[in-house]
Amino acid sequence: MTGQQWVSAADSSAALPASTDVLVVGGGIAGTAMAYYLAREGVEVTLVDRGELNREASGTNAGSFHLQLAIHQLSGQGSGADRERLLAEARLSLAAFSVWQGLDAELDGSLDVHLTGGWMVAETPQQVRTLWDKHELEQLAGIETEVVTGAELRRRAPYLAENITAATYCPVEGHANPLIVAPLYALRAAQHGAVIRTHAAVLGIDLHGDSGAKRFTVHTDAGSIDAHRVVDCAGAWSGELAAMVGIRLPVRSEGLHVNVTEPRPHLLTPMLQHIGRRLTLKQTEQHTFLIGGGWPTPAAPAPHRYPTSWHSAAGNTAVAVSVLPALADVRVVRTWSGVIVFTDDFSPVVGESRLVPGFHACVSSTGFTFSPIFARQLAEQMLAPRAASPFPDRYSLDRASVATTK
Amino acid sequence: MTGGGVRQPDLLVVGGGPAGISAARAAAGAGLRVLLVDERPTLGGQIFKQPGPGFTVTDPAAMDKQFRQGRALIESLDGIGVEVRLRTAVVAVEGRHAVLVTEGSPAETVTAARLLLAPGAHDRPVALPGWTLPGVITAGGLQTLAKTQRVLPGERIVFAGAGPVALAFPAQLAHYGAHIVTALEAGPAPGVADVVRIARAAPGNTALLRDAARYRALLLRHRVPLRYGRIVVRVEGAGKVERVVHAAVDADWRVITGTERTVAADVLCLGYGFVPSLELTRLVGCELDYDEDLGGHVVRRDEWQRTSVDGVYAAGDGTGVEGSFVAIDEGRLAGLAAALDAGVISIGEADRTAAPARQRLARRRALSAATNRLYRVGPGVHELSTADTVICRCEVVRQRDLLPAIESTADINVVKAYTRAGMGPCQGKNCQRQVCALIARRHGRPVADIPLATPRMPVRPVPIGALADHTINSPTLFLPEDDSAGPTAGPTVEVSG
């Protein structure tokens, strides 16, 4: 972005203040959004990250908003309660995307939010049946999709391979630029008075009971800070942070592999996904193709980046070229990896702990889509606490701790 | 995983220049099964580059000396059992597995017990106003045109550079019929003290010094004016090179105001030395050191050319630019070391065989020390760009676009994310050093302290048709190991897809 300013290194490397009302840990999209929504309302807030801002999942994802239900959500649909929950999450994703569509104005910047529409394609008869089931659920949830087949599919998506027999089209999917969203949140937060400190890794947290202004002393490798409230926005490392106050979060993390090609003349406006194979694919503003969809990378301990994997590159691009044959002579110029956090029960972790009052979290595996809405809701709750949490019980920070102490 | 030949060599040598050929010869001579790959259509590397396909040399005596030396080196591989694969790039390495892409074929994996990297060097990129104009070419590029295609890109050539290249290239180009308007050497003219130092280092280096004298004579014969202590500061022209502006510099290569001169030209050839090609060494995780005079980041290695990564050896200009004589001897040491570590020769045998190479290397390095004052690269070379100068050519990122990002961070990965500098097809080969230099200057740190961006495969662009493997099944991610989970919540937004 030409001329765009960011939080200056002079500011982000200054000394930590001695105390703060809210300490946000993690400089990804969740943390920077928390800092922004709190600072905007005049709350004293300090954000720390052990490295630079936006370097993990928030900045290494492909920036897509997929509203269509994915295969792993559809396999073995189970009970009616499961179905209700699926529908609730689908409706929430629509609300999350609508927050996104107002973010350019909110943050006074250009986040490259684009509504491109998206195809989810099917090859086998079984996949086509799943596509129809999915479409039915989406209708119930209020997600607009249509099933397109035969000559109509060829006419509307001539770039798809012959073996693609059907596809659902969702006009309200889109994407934004993941490289600048969190940094812009951080800049606006700082302009509202938030303190943003990079290269401050949390080493330990002392608890001082649940009364008084100082409930936590957080020790970092750049000094210690007293805080009345702490918000865990550490994504893949949120479990390690929560463990410092004795809470066990049900989170795990994996490395994911992404491929990017050289730019080619514009071919594809909508995003592509596959109902039965791991693929997400889109042509970017810069006309490169981003190819991903959940292919694994080997793990590596922080601060190392997860290595990318030739096996994943070869498998991922094979799916891509079998859907979009025009890719055959397009060259992959680079791969990269990102980390994804997810929970065993597939629910996010959002709200305040009952076990450790004042300790909050804002963590979700679909964080690029959901962090703006969750951060805004959590900030509202922290500003004007209501007796009833706005978040369902299954989002609870304490669910794994309670389960293990039973 | 198709194709014939050696699938599990004892040693995979990457790069068929002086270091790689010499390493392959030493290792094969000691009894290892060696696979040697090079991405070009012919062996020889840059220095010994042979005429391209379609060209036939009818009279080797009429070719230059490097051609003849190169041909002799290449022919030394005949009959010793080294398998050679040309037009083949190693694009990824994971542990002992290397992925090879041969032009027009699917990728294949080779599992090698040991890996020897001899990737060579590329021209030191120098970002200056007008460097993206058609007609600006690197010394290596111009040399390739002349050596492989026998063409010259223009009528009036200005050569600007430094180091041994500044003498050799204009002389070689003049030999090929180029009209060199002027040759600019950024370093100082040799003084009496330099001549004395060089004379003291002369034993064992007569061939090199004879070459230097020959190049000097060639320049005189072709009436090429060689001007010391001057650097090119910008290039001007409407859509192509029309004028080259040069100026006098101090010992740090910083421009002395009021010394600018303009010369009409249609080609500017830039030859400010070379930098090691580090893509593979960085990908496998070899530790680096920094020495600007050897090309900036250089590969750390022991007296046997072992890198910090077990089973990985490196030799030649790809480890630190010291030229083809050093490359040949380093290659020999590395090849012997691979054989030694594989247990096919004893340490005594390795030491005996290595002794002459070690002696020659010591002499070359004594000469380098003697010429250091003349050939030292000044930091001013990275201070020529202005706000309007394109730094990242692939993504067209100008210096002024980079500065706000550099104001916010000293991490080049973050600068890259904010600006896209380094995201294009060259993957930062042309801009990364200049971005590091800008970061270093703004944050008051030595450029040696600014780490390069995260290395990633493929180290060469690979067509999806060659990369894709249709036998691999999609993984089932997000599901517990036994795949028996119930439905999951929330439409997915891929976090890295």
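Residues numbered from 1 in each chain as written. Chains lettered and ligands numbered in written order. Predicted model: local features only at pLDDT ≥ 70, side-chain atom pairs only at ≥ 80, totals over all residues. Heavy atoms only, no water.

Quick look at the overall build of chain B
Broken down by element type, chain B carries 13 helices and 23 strands. The C-alpha radius of gyration computed for chain B amounts to 24 Å, which stays within 12% of the reference 23 Å derived for 497 residues, consistent with globular compactness. Taken along its principal axes, the extent of the C-alpha atoms in chain B is 80 × 60 × 45 Å. Counting the 497 residues in chain B, one finds 55% classified as buried. Charge centroids of chain B, computed over 55 positive and 50 negative side chains, lie 8 Å from each other. (Helix = DSSP H or I, 4+ residues; strand = E, 2+ residues; numbered from the N terminus. Rg over C-alpha atoms; globule rule 2.2 N^0.38 Å. Buried < 20%, exposed > 50% of the residue type's maximum accessible area, 1.4 Å probe, protein only. Lys, Arg positive; Asp, Glu negative; His and termini not counted. Charge placed at Lys NZ, Arg CZ, Asp CG, Glu CD.)

Comments concerning the interface of chain A and chain B
At the interface, 86 residues of chain A touch 57 residues of chain B. Buried area between chain A and chain B, both sides added, is near 6,300 Å², and the carbon and sulfur share of it is 63%. Applying the counting criterion to the chain A and chain B interface returns zero salt bridges. At the junction of chain A and chain B, the tally comes to 11 residue pairs in polar contact (both at pLDDT 80 or more). (Contact = heavy atoms within 4.5 Å. Buried area = accessible area lost by both parts, 1.4 Å probe. Salt bridge = Lys/Arg side-chain N within 4 Å of Asp/Glu carboxyl O. Polar contact = N/O pair within 3.5 Å; in protein donor to acceptor, adjacent residues only side chain to side chain.)

Section: the environment of Pro190(B)
All names here are of chain B. Inspection of the secondary structure puts Pro 190 in the loop between strand S11 (180–185) and helix H5 (192–200). Here Pro 190 falls in the partly exposed class, since its relative accessible area comes to 38%. Separated by 109 residues in the primary sequence, Pro 190 and Gly 81 have C-alpha atoms spaced 46 Å apart. Other than its neighbours up to four places away in sequence, Pro 190 contacts Tyr 228 and Leu 374.

A few points about the sheet that holds strand S20 (residues 312–314) of chain B
All names here are of chain B. One open sheet accounts for five strands, arranged S3-S2-S1-S7-S20; its pairing is parallel. Since the sheet does not close on itself, it has two edges, and those belong to strand S3 (83–85) and S20, each with one partner. In this sheet, neighbouring strand axes are inclined to one another by 20° on average, regardless of whether the strands run parallel or antiparallel. The strands that helix H1 (residues 18–29) touches are strand S1 (11–14), strand S2 (34–37) and strand S7 (114–117); relative to S2, the one it contacts most, it runs at about 170°. (Pairing = 2+ DSSP bridges. Axes fitted to C-alpha atoms, helices over the stretch in contact; angles between N-to-C directions.)

Some details on the nonpolar core
One broad trend across soluble globular proteins is that nonpolar side chains are buried collectively. Core analysis: the largest hydrophobic core is formed by 133 residues, its most contacted members being Met34(A), Trp100(A), Leu12(B) and Tyr272(B). Looking at this core element by element, the count peaks at nine residues for helix H2 (residues 29–40) of chain A. Beyond its immediate chain neighbours, meaning those up to four positions away, Leu12(B) contacts Leu35(B), Val37(B), Val90(B), Ala98(B), Leu100(B), Ala112(B), Arg114(B), Leu115(B) and Leu116(B). One finds Leu160(A), Leu279(A), Val323(A) and Leu467(B) within the second-largest nonpolar core, a separate group that totals 43 residues. (Core = buried A, V, L, I, M, F, W, Y, C linked by side-chain atoms within 4.5 Å.)

A short note on the sheet that holds strand S15 (residues 280–283) of chain A
Here nine strands make up an open sheet; going across it, the order is S6(A)-S7(A)-S5(A)-S14(A)-S15(A)-S16(A)-S13(A)-S17(A)-S23(B) and the pairing mixed. Edge positions in the sheet fall to strand S6 (146–149) of chain A together with strand S23 (462–463) of chain B, since each of these pairs with one other strand and no more. Alignment of S6(A) against strand S7 (residues 166–170) of chain A, held across four bridges, turns out to be antiparallel. Across the sheet, Val148(A) pairs through a bridge with Ala167(A), a residue of S7(A). Here helix H11 (residues 310–323) of chain A sits on the sheet in contact with strand S5 (118–122), strand S13 (251–261), strand S14 (271–274), S15, strand S16 (289–297) and strand S17 (331–343) of chain A, set at roughly 135° to S16(A).

Structural notes on the environment of Ala213(A)
Residues and elements named next belong to chain A. One can find Ala 213 in the loop between strand S10 (202–207) and strand S11 (216–220). The exposed category is assigned to Ala 213, whose relative accessible area is 63%. A C-alpha to C-alpha distance of 8.7 Å links Ala 213 and Arg 229, two positions 16 residues apart in sequence. With residues near it in sequence (within four places) discarded, Ala 213 still touches Ala 227 and His 228.

A closer look at helix H8 (residues 324–342) of chain B
All names here are of chain B. Over its 19 residues, H8 runs 27 Å from end to end, which matches the ideal 27 Å to within 8%, given 1.5 Å per residue. Of all 19 residues that make up H8, 16 are buried, and the element is covered over most of its length. Phi turns positive one or two residues past the end of H8, at Gly 343, with a value near 85°. (Expected span 1.5 Å × (residues − 1).)

Here we look at empty space enclosed by the protein
Inspection of the entire model under this criterion finds seven cavities of 30 Å³ or more. Lining of the largest cavity is provided by 32 residues; of these, Arg282(B), Gln427(B), Gly428(B), Lys429(B) and Gln432(B) occupy positions nearest its centre. Contributing elements (two or more residues each) for the lining of the largest cavity: S17 of chain A together with strand S17 (274–276), helix H7 (279–283), helix H11 (412–419) and helix H12 (432–443) of chain B. In terms of residue class, the lining of the largest cavity is built from 16 nonpolar, eight polar and eight charged. (1 Å grid on protein atoms, 1.4 Å probe; cavity = no way out; pocket = protein on both sides within 12 Å on 5 of 7 lines; lining within 4 Å. Points joined across faces, edges and corners; volume = space filled by probe spheres on them. Nonpolar A, V, L, I, M, F, W, Y, C, P; charged D, E, K, R; others polar.)

Observations regarding the pairing of strand S13 (residues 230–236) of chain B
All names here are of chain B. Across the seven residues that make up S13, a large majority, five, are buried. The pairing of S13 with strand S14 (residues 243–248) spans six bridges and is classified as antiparallel. Residue Arg 234 lies in a different strand from S14, and its bridge partner there is Val 245.

With respect to the pattern of salt bridges
In total, this model carries 44 salt bridges over all chains according to the counting rule given. Through salt bridges with shared partners, one network takes in Arg234(B), Glu236(B), Lys240(B), Glu242(B), Arg243(B) and Glu260(B).

Section: the packing of helix H10 (residues 399–408) of chain B against H11(B)
Residues and elements named next belong to chain B. Direction vectors running N to C along H10 and H11 enclose 140°, while the axes themselves pass 9 Å from each other. With respect to their mutual orientation, H10 and H11 come out oblique. Viewed along their axes, H10 and H11 form a crossing whose handedness is right-handed. Note on element contacts: H11 touches H10 through Val 415, Tyr 418 and Thr 419, opposite Asp 401, Leu 402, Ala 405, Ile 406 and Ser 408. Residues that form the contact of H10 with H11 fall into these classes: five nonpolar, two polar and one charged. (Parallel < 35°, antiparallel > 145°, perpendicular 65-115°, else oblique. Left-handed = near helix turned anticlockwise from the far one by under 90°.)

Description of the environment of Leu86(B)
As for its position among the elements, Leu86(B) is in the loop between S3 and strand S4 (88–94). Expressed as a C-alpha distance, the spacing of Leu86(B) and Gly16(B), which sit 70 residues apart in the sequence, is 8.6 Å.

Considering the side chain of Thr308(A)
Inspection of the secondary structure puts Thr308(A) in the loop between S16 and H11. With a relative accessible area of 9%, Thr308(A) lands in the buried category. Setting aside residues no more than four positions away along its own chain, Thr308(A) makes contact with His257(A), Thr297(A), Thr335(A), Trp336(A), Ser337(A), Glu94(B), Arg456(B) and Met457(B).

A word on the pairing of S2(B)
Residues and elements named next belong to chain B. Side chains of S2 alternate between two faces, with Val 34 and Leu 36 and Leu 35 and Val 37 buried alike. With four bridges joining them, S1 and S2 adopt parallel strand pairing. The residue of S2 that forms the bridge with Leu 12 is Leu 35. Running through H1, the crossover from S1 to the neighbouring parallel element S2 is right-handed. (Right-handed = clockwise from strand over helix to strand, strands pointing away.)

Quick word on the packing of H10(B) against H12(B)
Residue and element names in this part refer to chain B. The interhelical angle for the contact between H10 and H12, taken along N-to-C directions, is 50°, at an axis separation of 10 Å. By the angle between their directions, the pair H10 and H12 is classed as oblique. For the crossing formed where H10 meets H12, the hand is right-handed. Facing Gln 399, Leu 402, Ile 406 and Glu 407 of H10, the residues of H12 in contact are Val 435, Leu 438, Ile 439, Arg 442 and His 443. Partitioned by chemical class, the residues of the contact of H10 with H12 number five nonpolar, two polar and two charged.

Some words on the confidence of the model for chain B
All names here are of chain B. For chain B, per-residue confidence averages 88 on the pLDDT scale, and 94% of positions sit at 70 or higher. Counting contacts from residues 479–497, a segment whose pLDDT is below 50, to residues more than four positions away or on other chains yields 74 contacts. The ipTM for the predicted assembly is 0.92, set against a pTM of 0.91. (pLDDT = per-residue confidence, 0-100.)

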